[in-house]
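# Structural description and commentary
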Number of protein chains: 2
Amino acid sequence: MEGHGGYNRSSRVQAAGLSPAVPLLEHAARMVTLPAEPHPIVIADYGSSEGRNSLEPITVAIRALRKRAGSNQAISVMHTDLPDNDFRVLFRTLVNDPNSYLAGDTKVFPATVGRSFYEQILPANSVTLGWSSWAVQWLSRAPAQIPDQIQVAYSEDPGTRAAFAAQAAADWRTFLIHRGSELHANGRLVVLTMAVDDAGDFGYRPVLDAMYGTLVKMVDENFISADELSRMTIPTVGRSRSDFMAPFAEVSEDGRFANLIVEELEVFQGEDRLWAEFQRDGDAHAFGSQWAAFSRASAFPTLAADLDGGGKDPRAAEFANRLEAGMAATLAAAPERTLIPLARMVFRKV
Amino acid sequence: MEGHGGYNRSSRVQAAGLSPAVPLLEHAARMVTLPAEPHPIVIADYGSSEGRNSLEPITVAIRALRKRAGSNQAISVMHTDLPDNDFRVLFRTLVNDPNSYLAGDTKVFPATVGRSFYEQILPANSVTLGWSSWAVQWLSRAPAQIPDQIQVAYSEDPGTRAAFAAQAAADWRTFLIHRGSELHANGRLVVLTMAVDDAGDFGYRPVLDAMYGTLVKMVDENFISADELSRMTIPTVGRSRSDFMAPFAEVSEDGRFANLIVEELEVFQGEDRLWAEFQRDGDAHAFGSQWAAFSRASAFPTLAADLDGGGKDPRAAEFANRLEAGMAATLAAAPERTLIPLARMVFRKV
């Protein structure tokens, strides 16, 4: 991690991509079956990171649920992420921020689960409403090194592409199976995640080119070794519409998988808010800097972990500084719109 | 905090004090009413810190509950502590440690709550079995500075003593009120906490004398200012048997408070394990060092927060090193048994 709160501070690109699924979450909150009191309504936030991007959707969901359940029924909010996630930032925000969903509602009870969502991490039949935003594009593991890239989408190595595709397919099934266990009957799961668009485009091309180009230059300058670069991998994937549907299409004729049915699935282009800002103000420097800062928060810790000394390598801070500066300069030199293919989905437990 | 895992590493004194309440927890696990499936059994661990001292009691509780509930019913374990607690260490331990209560039981679901237990932090009527060990001696706030000490028990200032006594009484009621809400009918809460013995003795005299003496010396040496020392306060209290009973004695004739009744209350002397070791091996140096290391983990962060620059004061590391070294030398020069008055209690929700 980039220090406490680093992810919160630099997640504007993702925050910009968040709102497209909030209306689906709000609708789902109106449709789910509510548990009978005194049992709590349970909202699960799968892949919360440090929580900043969760506040708006969870606030919206709670508001919709309160209209139906009244002010007395308890609502539990389970924020989940990997064990190393810094949940302190999340709790500090929830406890201290006047815009926190805790403010003014004493019957909302947040908790965190530091375990991978590729396992069952909440009791069976306990979740009323699930939310997962910008999370399930992260694979459970990188199944291979990528010889010619850091992101498999732009690798031209067929074996590597096949290995990642297989992992992506397996992880998607695993994710759905466990969420299918955790949801209670007629509960909903709303997912926003990276996708490939209907032309097969993963997007982010200029950003990833700037990142990979800067890393190659670091090798040329002997700041990192070729071995280190060859290990560096961002284990994210964009899935296609048919990838998302595959488990439902294959397994049975009634369109069910893991007791889930697909209520909604849309692949669409997220707004490149930094590009829109650049078009307004023409500030190429700001454009490059902001994409670089976003990349630093979301991807550099993963890359730095593959330095010879891991994330604690003495070069780690300098590595991040150089990579950020190199990306910022490259992107500022030739600002370009970035495609951000996304998918939003709603699943219902039957 | 003293860095990741610092508390876990240096909590042997408290670990030594833990086991006296585990038999009560095991008994309570046999007595509580279990929720009907599919609702989970909920264990709450109030004041978990980084979790090391929770593993044994929670493992014992789960084993006792499994004998009654079978292997299929979900058991949620809610570990709570303040927002700044490092729950990453706890999750890493739970996920990776082969002795974790998660190992071999896929139906146990840990979660953490980073909020003060002086609020309601879990849904009403949701907790089957509560556990709180070495936690409720920490007041919600220090109600006053202590002019002549860092620990109110050895202050001779009547106004300060009265202010702390009032805060201790209020906090104890607040703690019970919220646990009374959170427990479900016939659930139990087991508490182990610091106490004063029936002679009114808080204990820890040699340790606190060594700590305060070293701090006074630091003022003499101009390493800290007299102002800084006057602010330093460890906001813990030992309560007497009658303090613990006060809410139950005063409020009603049937011995209930906050829908709780006292099933068991015992004030006793904890074992001074470091003294026992010293008696075996005669190693005064180890005796002093271990008490000093324990003090560093449990109390120094609280003291360092009152440096002019707070916990991030540039002197903070040196402050802790000097204080630990001074205490270790003082305690090694004249090893002495330390009284450790404790109370163990069981409450039942009616």
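Going by the structure above, here's the rest.
Residues numbered from 1 in each chain as written. Chains lettered and ligands numbered in written order. Predicted model: local features only at pLDDT ≥ 70, side-chain atom pairs only at ≥ 80, totals over all residues. Heavy atoms only, no water.

## Brief notes about the relation of the copies chain A and chain B
Copies of the same chain, two in number, are related to each other by a rotation about an axis and a translation along it. Of the transformation superimposing chain A on chain B, the axial component is 0.0 Å and the angular component is 180°, with the fit at an RMSD of 0.0 Å. Taken together, the rotation and translation relating the two chain copies correspond to the operation of a two-fold axis. If distances are taken from each C-alpha of chain A to the rotation axis, the shortest is found for T112 of chain A, at 2.5 Å. Of the interface residues in chain A, 100% have counterparts in chain B that sit at the interface too, so the contact is made through matching surfaces. (Least-squares fit on C-alpha atoms with pLDDT ≥ 70 in both. Contact = heavy atoms within 4.5 Å.)

## Description of the packing of aromatic side chains
All names here are of chain A. All chains considered together, the criterion is met by 32 aromatic pairs over all chains. Taking the centre distance of 6.0 Å and the plane angle of 15° together, the rings of W172 and F175 count as stacked. Of this pair, W172 and F175 both sit in helix α6 (residues 158-182), separated by three residues, roughly a single helical turn. Accessibility classification places W172 together with F175 in one group, the buried group. Counting every residue linked through ring pairs, the aromatic cluster contains Y46, F117, Y118, W172, F175, F244, F248, F257 and F347. The side chain of R179 reaches across the aromatic face of F175, ending 5.0 Å from its centre. (Phe/Tyr/Trp six-rings, centres within 6.5 Å; stacked < 30°, edge-to-face > 60°. Helix = DSSP H or I, 4+ residues; strand = E, 2+ residues; numbered from the N terminus. Buried < 20%, exposed > 50% of the residue type's maximum accessible area, 1.4 Å probe, protein only. Lys NZ or Arg CZ within 6 Å of the ring centre and 35° of its normal.)

## Topic: the packing of helix α3 (residues 22-31) of chain B against helix α4 (residues 52-69) of chain B
Residue and element names in this part refer to chain B. Between α3 and α4, the shortest axis-to-axis distance is 8 Å and the interhelical angle comes to 25°. It follows that α3 is roughly parallel to α4 by the angle criterion. Regarding α3 and α4, the two cross each other, and that crossing is right-handed. Of α4, the residues touching α3 (which contributes V22, L25, E26, A29, R30 and M31) are E56, P57, V60, A61, A64, L65 and R68. Residue composition of the contact of α3 with α4, grouped by class: nine nonpolar, no polar and four charged. (Axes fitted to C-alpha atoms, helices over the stretch in contact; angles between N-to-C directions. Parallel < 35°, antiparallel > 145°, perpendicular 65-115°, else oblique. Left-handed = near helix turned anticlockwise from the far one by under 90°. Nonpolar A, V, L, I, M, F, W, Y, C, P; charged D, E, K, R; others polar.)

## With respect to helix α13 (residues 316-333) of chain A
All names here are of chain A. With 18 residues, α13 extends 26 Å from end C-alpha to end C-alpha; this agrees with the ideal 26 Å at 1.5 Å per step. Along α13, the positions that sit buried rather than exposed are A316, F319, A320, L323, G326, M327, A328, L331 and A332. On the buried face of α13, the contacting elements are α7 (205-220), α11 (284-298) and α12 (300-304). (Expected span 1.5 Å × (residues − 1).)

## So, the interface of chain A and chain B
Across the boundary between the two partners, chain A contributes 31 residues, which contact 31 residues of chain B. Summing both sides of the interface, chain A and chain B together bury roughly 2300 Å²; the carbon and sulfur share of this comes to 63%. Summed over the three residues of chain A that lose the most area to chain B, namely R88, F109 and R115 of chain A, the buried surface amounts to 25% of that side. Our count for the contact surface shared by chain A and chain B stands at four salt bridges. A salt bridge links D84 of chain A to R92 of chain B, with the shortest nitrogen-to-oxygen separation between them at 2.5 Å. The tally of links between chain A and chain B comes to four residue pairs in polar contact (both at pLDDT 80 or more). Residue assignment for the side of chain A that touches chain B shows that the elements contributing at least two residues are β2 (75-81), α5 (87-96) and β3 (108-114) of chain A. Among the elements that line the side of chain A that touches chain B, the one with the most residues is β3 of chain A, at seven residues. The class makeup of the residues in the side of chain A that touches chain B is 18 nonpolar, eight polar and five charged. (Buried area = accessible area lost by both parts, 1.4 Å probe. Salt bridge = Lys/Arg side-chain N within 4 Å of Asp/Glu carboxyl O. Polar contact = N/O pair within 3.5 Å; in protein donor to acceptor, adjacent residues only side chain to side chain.)

## Remarks on the packing of helix α11 (residues 284-298) of chain B against helix α13 (residues 316-333) of chain B
Residue and element names in this part refer to chain B. Running from N to C, α11 and α13 point in directions that differ by 145°, and their axes come no closer than 7 Å. When the axes of α11 and α13 are compared, the crossing they make is right-handed. Taken together, the residues of α13 that come into contact with α11 (itself represented by A284, H285, F287, G288, S289, W291, A292, A293, S295 and R296) are A317, A320, N321, E324, M327, A328, L331 and A332. The residue makeup of the contact of α11 with α13, split by class, is eleven nonpolar, five polar and two charged.

## Section: the pattern of salt bridges
As enumerated under the stated definition, the model contains 36 salt bridges over all chains in all. Measuring nitrogen to oxygen at the nearest pair gives 2.8 Å for the salt bridge that ties E266 of chain A to R344 of chain A. With a gap of 78 residues between them, E266 of chain A in strand β6 (residues 260-269) and R344 of chain A in strand β7 (residues 341-349) connect regions that are remote in the sequence. Of the residues examined, E266 of chain A reaches a relative accessible area of 31% and is grouped as partly exposed. Across the pair R296 of chain A and E324 of chain A runs a salt bridge whose closest N-O atoms are separated by 2.6 Å. Taken together, the residues span a long stretch of sequence, with R296 of chain A in helix α11 and E324 of chain A in helix α13 at a distance of 28 residues. Shared partners join several salt bridges into a network, and the residues in it are D86 and R88 of chain A together with D86 and R88 of chain B.

## Notes on the pairing of strand β5 (residues 183-194) of chain B
Residue and element names in this part refer to chain B. Burial of β5 is extensive: ten of the twelve residues sit out of reach of the surface. The pairing of strand β4 (residues 127-133) with β5 spans six bridges and is parallel. In the sheet register, S132 faces β5, and the bridge partner there is V191. With respect to chirality, the unit in which β4 leads through helix α6 (residues 158-182) into the neighbouring parallel β5 is right-handed. As defined by bridge partners, β5 adjoins strand β7 (residues 341-349) across seven bridges and the pair is classed as antiparallel. When the sheet's bridge partners are listed, M194 is paired in β7 with L342. (Pairing = 2+ DSSP bridges. Right-handed = clockwise from strand over helix to strand, strands pointing away.)

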